[in-house]
Amino acid sequence: MHKLGRGHRDKVQQFMAITGSSEKAAVQALKASDWHLEGAFDIFYSQPHIRTVTDSRHLEELYNRYKDPYVDMILVDGITLLCNDLQVDPQDIVMLVVSWHMKAATMCEFSRQEFIGGLQYLGIDTIEKFRDKLSYMRSELKDEQKFREIYNFAFGWAKEKGQKSLALDTAIGMWQLLFAERHWPLVDHWCQFLQVRHNKAISRDTWSQLLEFAKTVDLQLSNYDEEGAWPYLIDEFVEYLTENGIVQRHQN
């Protein structure tokens, strides 16, 4: 790194600490992003050839540490052990981001392909590298596009196998987890409304449209269009807010 200026050297060190990459890979990604760290992370994780090659033997060892003794899957006990090794709470939202990277089909389980493929994609082959990568994964929740992808992924991941809808209590738990990142002030009212007025499973359409509602409609509901294509449940929520005096609605 002797040819680099101090600012660039600091970025290389920071990049290596977060990604667990080699110095060569760090410099390559940073140069490709014109020395912008966030851009370099995106390049590093989206272009597998830049990443350090993972050791397949280490990946197998990791998988076998967490694998269920009776099935070729990592199940609840294995995920609990993984969380202990990573020093994170199993309820921590970063585990949802981990599952998104692994393209996991179902909550609380990883297939061999999901686990090993996900770690290869992330350039992880030791628990130390996995732990070091968590801060990067948390930062992905602040990226608008990635948050939307993680949010939409969560619906399929959290629903019961074979079901089209998401159980209400599961949906409420996921919303509280996800919107804690987005600081949407109406999330508790939304969850209370569902328990009082709806008390049924949640459709994928309602799930995806709620994020749009939270992002685009202001807290006074002044830009809420009753003639818009919102699901009926969101229309009813707006009525519930105004009827109960939670929001004093001012229309433009």
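Residues numbered from 1 in each chain as written. Predicted model: local features only at pLDDT ≥ 70, side-chain atom pairs only at ≥ 80, totals over all residues. Heavy atoms only, no water.

Trainee: Residues and numbers for the packing of helix α6 (residues 94–101) against helix α9 (residues 144–158), please.
Mentor: Where α6 contacts α9, the two axes come as close as 10 Å, and the packing angle between them is 85°. By the angle between their directions, the pair α6 and α9 is classed as roughly perpendicular. Of α9, the residues touching α6 (which contributes L96, V97, S99 and W100) are K146, E149, I150, F153, A154 and W157. (Axes fitted to C-alpha atoms, helices over the stretch in contact; angles between N-to-C directions. Helix = DSSP H or I, 4+ residues; strand = E, 2+ residues; numbered from the N terminus. Parallel < 35°, antiparallel > 145°, perpendicular 65-115°, else oblique. Contact = heavy atoms within 4.5 Å.)

Trainee: How would you summarise the environment of E212 if you had to cite specific residues and measurements?
Mentor: One can find E212 in helix α12 (residues 204–216). Among all residues touching E212, those that are not within four sequence positions of it are R148, V217 and W230.

Trainee: Talk me through the state of the cysteines; I want residue IDs and the actual numbers.
Mentor: Inspection of the entire model under this criterion finds 0 disulfides. Left unpaired, C83 is separated from the closest cysteine sulfur, that of C108, by 9.0 Å. When its relative accessible area of 1% is taken as the criterion, C83 is described as buried. (Disulfide = S-S within 2.5 Å. Buried < 20%, exposed > 50% of the residue type's maximum accessible area, 1.4 Å probe, protein only.)

Trainee: Explain the environment of T126 to me, using residue names and the numbers behind them.
Mentor: Within the secondary structure, T126 sits in the loop between α7 (112–122) and α8 (127–140). For T126, a relative accessible area of 22% gives the class partly exposed. Spatially, the C-alpha atom of T126 lies 21 Å from that of D42, the residues being 84 residues apart in sequence. Residues within four places of T126 in sequence aside, it is in contact with H58 and L62.

Interpretation in functional terms is not warranted from these geometric data alone.
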